[in-house]
Amino acid sequence: MTSGTTVTSAPTPVDAAPAAASSGRRRRSAGWLAVVPLLVFVGIAFGIPALAMLNGAFTVKDPATGATSYTTANLTASLHGAYLTALLGSVKLSAVSAAIAVLLGLLLAQAVVVSRFRALREAVLTASGVLANFGGVPLAFAFVATLGNSGVLTSHLGLADAGWTLYSFWGLTLTYLYFLIPLMVLTITPALDGLRSQWREAARNNGATHVQYWRHVALPVLAPSLLGGLVLLFGSAFAAYATAAAMVGSSVPLVTLQIADAISGNVLVGQENVALALSLDMVLVAGLVMAVYLPLQRRSARWLA
């Protein structure tokens with residue numbers, strides 16, 4: 001061996017372990033630094049308004065002295081009279097429209113999943129992605145022009161003579177279905193794709209009919225996804241405002257419309273803090289919805305993974 005040649009030994013596992021641990025810590029630190037801007041944005045965009053809402057919901061201002069005090073009077077008022085009627089109206093509208101959308105969305109998604117035409121599947125899913133986000137004043141205008149008192153279909157089909165009116169509970173439900181059904185299609189399609197063909201073949205080999213397969217195999221497996229979709233659709237309908245405000249105004253009692261009226265002083269002056277209490281009621285309902293939705297989503301993922 002030539003003198004002066006340096007032999008470098010490979011690092012032992014004992015030497016490599018601290019280096020790997022240090023590298024892992026650096027990657028985690030870099031990951032946290034990358035998340036900091038998002039956390040700051042969330043804190044500013046959601047944290048500050050949430051704190052302002054909480055403060056206002058429990059604050060009452062004396063009109064004579066201008067002094068403020070903390071009390072639950074606003075929350076109590078938000079759960080009585082017209083405010084309670086509006087809250088229950090929103091819950092009823094959201095529950096009914098979500099239930100109908102779950103059923104129709106499941107049928108449409110199943111038809112798309114079993115279809116042999118890939119172009120049909122892509123077209124339906126693409127359209128669902130667009131229509132699920134179509135709402136507000138444009139949606140209200142589209143339905144008024146089509147099914148309003150002087151709408152195209154109302155005039156041609158004589159729906160007004162049959163007692164049809166768009167500006168009612170069922171008219172608003174029909175309007176909500178326009179974006180809830182596509183949302184359900186997007187939600188349930190991955191779960192339908194997760195149903196294994198072996199399950200259907202095993203059920204058929206054991207003499208089960210198509211109805212029995214769906215009753216005893218498919219629907220129990222899809223139940224978490226269906227319930228999760230129901231909860232998600234309920235939340236979407238519950239939070240909707242612009243479509244109802246532009247189409248029905250105050251003819252259908254909804255909590256979002258009551259909040260707008262209280263803030264603007266259309267009914268009573270000085271009810272801004274009651275509006276904040278109504279907003280807190282909505283946040284609590286949305287929190288309950290998410291508390292139900294997230295476990296169902298995780299359970300569905302385990303079944304259909």
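Residues numbered from 1 in each chain as written. Predicted model: local features only at pLDDT ≥ 70, side-chain atom pairs only at ≥ 80, totals over all residues. Heavy atoms only, no water.

Trainee: I would appreciate a short explanation of the confidence of the model for the chain in the present structure.
Mentor: Close inspection of predicted coordinates is inappropriate for parts of the model with low pLDDT. This prediction gives the chain a mean pLDDT of 82; 84% of its residues lie at or above 70. Across the chain, element-level confidence peaks in helix 3 (residues 81–113) with a mean pLDDT of 92 and bottoms out in helix 1 (residues 13–57) with 73. (pLDDT = per-residue confidence, 0-100. Helix = DSSP H or I, 4+ residues; strand = E, 2+ residues; numbered from the N terminus.)

Trainee: Looking at this model, I keep getting lost on the nonpolar core. Mind explaining?
Mentor: Considering soluble globular proteins, one finds that nonpolar side chains tend to be buried as a cluster. Of all hydrophobic cores here, the largest spans 59 residues; its most connected members are L172, Y176, I188, L192, L195, L233 and L254. Mapped onto this core, the elements with two or more residues apiece are helix 3, helix 5 (137–147), helix 7 (169–193), helix 9 (210–239), helix 10 (242–247), helix 11 (255–264) and helix 12 (272–304). Looking at this core element by element, the count peaks at 13 residues for helix 7. Residues in contact with L233, not counting those within four places in the same chain, are A98, A101, V102, L180, L183 and M184. Within the second largest apolar cluster, five residues are counted, among which are M53, A57, L75 and L280. (Core = buried A, V, L, I, M, F, W, Y, C linked by side-chain atoms within 4.5 Å. Buried < 20%, exposed > 50% of the residue type's maximum accessible area, 1.4 Å probe, protein only. Contact = heavy atoms within 4.5 Å.)

Trainee: Sorry if this is basic, but what is going on with the environment of V91 here?
Mentor: Position of V91 among the secondary structure elements: in helix 3. When the C-alpha atoms of V91 and V285 are compared, they prove to be 9.2 Å apart, with 194 residues separating the residues in sequence. Dropping the residues within four chain positions of it, V91 is found in contact with F234 and F238.

Trainee: Please explain the packing of helix 5 against helix 7 as it appears in this structure.
Mentor: Working note: a packed helix pair is described by the angle between its axes plus the distance between those axes. Look at helix 5 against helix 7: their axes get within 11 Å of each other, and the N-to-C directions meet at 125°. The angle between the axes of helix 5 and helix 7 places the two elements in the oblique class. Remark: the crossing between helix 5 and helix 7 carries right-handed chirality. On helix 7, the residues touching L139, F143 and L147 of helix 5 are L174, T175, Y178 and F179. A breakdown of the residues in the contact of helix 5 with helix 7 according to their chemical character gives six nonpolar, one polar and no charged. (Axes fitted to C-alpha atoms, helices over the stretch in contact; angles between N-to-C directions. Parallel < 35°, antiparallel > 145°, perpendicular 65-115°, else oblique. Left-handed = near helix turned anticlockwise from the far one by under 90°. Nonpolar A, V, L, I, M, F, W, Y, C, P; charged D, E, K, R; others polar.)

Trainee: Help me out: how do you make sense of the pattern of salt bridges in this one?
Mentor: Pairing between side chains becomes possible if they bear opposite charge and their charged atoms approach one another. Tallied over the full model, the rule gives two salt bridges. The closest approach of N and O atoms between R118 and E122, which form a salt bridge, is 3.1 Å. Of the two residues, R118 and E122 both sit in helix 4 (residues 118–131), four residues apart, roughly one turn of that helix. With a closest N to O distance of 2.6 Å, D193 and R121 form a salt bridge. Of the two residues, D193 sits in helix 7 while R121 sits in helix 4, which places them 72 residues apart along the sequence. (Salt bridge = Lys/Arg side-chain N within 4 Å of Asp/Glu carboxyl O.)

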